Amino acid sequence: MEVTTVSHGLAIVLAVTGRLDAETVTPFGARLFDLIAEGHRRIIVNLAGLGYINSAGLRVLLVAAKRLNADGGRLLLAAPGDLVGRVLDVSGFSGMRETCATTEEALARIER
């Protein structure tokens, strides 16, 4: 798994590639929660390069989203591929969290 961050105005885009599972969720979660601790309140997680996500990955996204919401922030998911998109749908996660087809759409939406 690889994680990169890029600042876009008031938003941070956190791009994750590879697999987000029990083995990789700790470093991913640490990076995500570090951004929140640094005061970032608008975070987009770009899932385009993610080939697999399991319940551990979903859990860290949910906890981060709840923490941001409690502080008046927002977490958006962007560009899930077919497999990850199906996992989000089947788990009910896509109904609980905002998911955008592209990072550009997420950037436009998060700035509102």
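To be clear, the structure that these remarks concern was listed above.
Residues numbered from 1 in each chain as written. Predicted model: local features only at pLDDT ≥ 70, side-chain atom pairs only at ≥ 80, totals over all residues. Heavy atoms only, no water.

Draft legend 1. Layout of the packing of aromatic side chains. Inspection of every chain in the model, using the stated rule, returns 0 aromatic pairs. One cation-aromatic arrangement involves Arg 19 over Tyr 52; the distance from NZ or CZ to the ring centre is 4.1 Å. (Phe/Tyr/Trp six-rings, centres within 6.5 Å; stacked < 30°, edge-to-face > 60°. Lys NZ or Arg CZ within 6 Å of the ring centre and 35° of its normal.)

Draft legend 2. Quick peek at the side chain of Thr 103. Here Thr 103 shows up in helix α5 (residues 103-110). Within polar-contact distance, the side chain of Thr 103 engages the side chain of Asn 46 at 3.0 Å. (Helix = DSSP H or I, 4+ residues; strand = E, 2+ residues; numbered from the N terminus. Polar contact = N/O pair within 3.5 Å; in protein donor to acceptor, adjacent residues only side chain to side chain.)

Draft legend 3. Highlighting the environment of Ala 78. Along the polypeptide, Ala 78 turns up in strand β5 (residues 74-78). Since its relative accessible area comes to 0%, Ala 78 is described here as buried. C-alpha separation for the pair Ala 78 and Val 13, spaced 65 residues apart in sequence, amounts to 9.3 Å. Residues within four places of Ala 78 in sequence aside, it is in contact with Ile 44, Val 45, Asn 46, Leu 47, Ala 48, Cys 100, Thr 102, Thr 103 and Ala 106. (Buried < 20%, exposed > 50% of the residue type's maximum accessible area, 1.4 Å probe, protein only. Contact = heavy atoms within 4.5 Å.)

Draft legend 4. Structural view of the pattern of salt bridges. Under the criterion given, the structure shown has 6 salt bridges. In this structure, the salt-bridge partner of Asp 21 is Arg 19, at a minimum N-O distance of 3.1 Å. The partner of Arg 109 in a salt bridge is Glu 98, with the nearest N and O atoms 3.6 Å apart. Within this pair, whereas Arg 109 is found in helix α5, its partner Glu 98 is found in the loop between α4 (93-96) and β6 (99-100), the two being separated by 11 residues in sequence. Residues joined by salt bridges that share partners form a network here, namely Arg 74, Glu 98, Glu 105 and Arg 109. (Salt bridge = Lys/Arg side-chain N within 4 Å of Asp/Glu carboxyl O.)

Draft legend 5. Highlighting unusual backbone geometry. Phi is positive for Ala 79, which is not a glycine, with a value near 55°. In this fold, Ala 79 is placed in the loop between β5 and α3 (82-90).

Such coordinate-based values are descriptive only and should not be taken to indicate function.
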